[in-house]
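Structural overview
This is what each chain is made of:
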Amino acid sequence: MPAQLNANGGSLLSVENVTKAYGRAPRRFVALQDINLSIRAGEFVGLLGPSGCGKSTLLRIIAGLNPPTSGQVLYRGEPVAGVNPHATIVFQTFALYPWLTVLENVEVALKARGVVRAERRPRSLKLIDTVGLDGFESAYPRELSGGMRQKVGFARAMAVEPELLCLDEPFSALDVLSAEALRGELLELWTSKAIPTQAILMVTHNIEEAVLMADRIVVMDKDPGRVVTALPVRLRHPRQRKDTAFQALVDKVYAAVAGRTEPEAAVSGTAPGQPGATEKLPAARINALAGLMERLNADSGQADLYRLAAELKLELDDLLPIVEAAELLGFAQVAEGDIRLTPLGQTFADASILARKEIIAGRILRQPTVRWVYETLLRDNDQRIAEAYVLDRLRDEFGEYAQAQLDTAINWARYAEIFAFDDDTGELYLEK
Ligand code: ADP
Ligand code: MG
């Protein structure tokens, strides 16, 4: 380890009392207030927080793309002035040159770094192989899926061999499966030390993703943008989403993000047919839920339920299952006749469709009926099971409400691309 690292307590990066304000009084807006954050070599830090809390602003300040209003950023103990050549940011959608092939897109990054021509090709080929794009060297961006394009983006970022890799929601523009595959590839590169990167700082809105990848999770809140807490993740790699310890930590982070000190009411019950009660799903469609979240988000995040029902021209009885679903998923809290968005609900309302799918997927897999169907499908040989079998089991638990429970479970799971119902065969099947 270079001597400078030891000279400042092993810290690669220190953000010290950084404040960032935009505009002037009376329109002065404090995007970041008094941020302190330090990252050691060898650390993977996840950064979570509601939309608008200044996560992207903080990354840009760290990379030296924007100056702070006050405070400073130290890199290896030296103040960052101007663009930090040791840090690279990968954005949600990486801009590739459409007229260049995959290989040429990576070579360009090496050329910009002053790598001599003779070295560019072999190094680019190796990077392309590393991110799992072997065989696509001569393809053009338009011929690639979103996931593959983002891999080219990663290869380009890696070409720069950044010591500090900053990722700004790198997986959120991807479909669920590509995102998961690319997470795996990045983790593999990182944990096997196949890349010279010393530390990673990843902005995400996805709590499970943070728990899957990071060593420490820093939680921010907004108005003004600030760090509220940090949680260490001590699970060993490869991490399993289904492990109890994993889920317990996800709960803890959810609680922190929702600004609650108690872990959320974890007990949602046992699988249908098992001893113990199974939490019931409110009969609400996810699209209706999304509509409610958007409406609340546009209305300062809070509303009186009776007034809301009147404005939406809904009977209260029709609104309540949607509200219940919002509470069950951790998107809202109801108190004294008012519904209020949680930071998670707000994040959902602000998120892209694909990001919403991921949030819903993460939430509903904790619900026993959805989880039981999903796990039964996973264990099944061809990952298809007859609806009748599922209904039988659900009838033991829910009696005459079994069909309604299943309909809701399918609606939610289909939205999240977890499983769906095949009308032709009367089977449930795992979404690919
Ligand atoms: P996040 O990435 O957490 O969603 P951002 O860092 O993008 O948040 O933005 C934080 C806040 O700062 C937002 O309210 C945003 O509108 C504001 N902001 C960001 N960039 C600028 C800018 N260049 N000028 C004025 N306001 C900005
Ligand atoms: Mg952002």
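Report follows, based on the coordinates. (Residues numbered from 1 in each chain as written. Chains lettered and ligands numbered in written order. Predicted model: local features only at pLDDT ≥ 70, side-chain atom pairs only at ≥ 80, totals over all residues. Heavy atoms only, no water.)

A look at the site of ligand 1
This is how the line gets drawn: Whether a residue is near a molecule or strand depends on its heavy atoms: it is near if one of them lies within 4 Å of it. Whenever a nitrogen or oxygen atom comes within 3.5 Å of another N or O atom, the pair is scored as a polar contact, on the condition that within protein one atom can donate a hydrogen and the other can accept it, and that pairs from neighbouring residues in sequence are kept only if both atoms are in side chains. Each accessible area is a Shrake-Rupley result for a 1.4 Å probe, and residues are judged covered by the shown protein chains and nothing else. Where helices and strands are cited, they refer to DSSP runs of H or I of at least four residues and of E of at least two residues respectively, numbered from the N terminus. Residue type decides the class: Asp, Glu, Lys and Arg count as charged, Ala, Val, Leu, Ile, Met, Phe, Trp, Tyr, Cys and Pro as nonpolar, and the leftover types, Gly among them, as polar.
Around ligand 1, the neighbouring residues are Tyr22, Phe29, Ala31, Pro50, Ser51, Gly52, Cys53, Gly54, Lys55, Ser56 and Thr57. Tyr22 places a side-chain nitrogen or oxygen 3.2 Å from a nitrogen atom of ligand 1. Here an oxygen atom of ligand 1 sits 2.9 Å away from a polar atom, N or O, in the side chain of Ser56. For ligand 1, whose accessible area on its own is 560 Å², the fraction buried by protein is 56%. Put simply, the parts of the chain that give the shell around ligand 1 at least two residues each are β2 (29-40) and α2 (55-62). The element contributing the most residues to the shell around ligand 1 is α2, with 3 residues. For the shell around ligand 1, the per-class residue count stands at 5 nonpolar, 5 polar and 1 charged.

So, the state of the cysteines
As a reminder of what qualifies: Disulfide: a pair of cysteine sulfur atoms within 2.5 Å of each other. Buried residues are those whose accessible area, probed at 1.4 Å on protein chains only, stays under 20% of the maximum for their type, while exposed residues exceed 50% and partly exposed ones sit between those limits.
Inspection of the entire model under this criterion finds 0 disulfides. Free of any disulfide, Cys53 has its nearest cysteine sulfur in Cys166, 15 Å distant. In this structure Cys53 comes out as buried when scored by relative accessible area, which is 0%. Cys166 gets classed as buried once you look at its relative accessible area, which sits at 0%.

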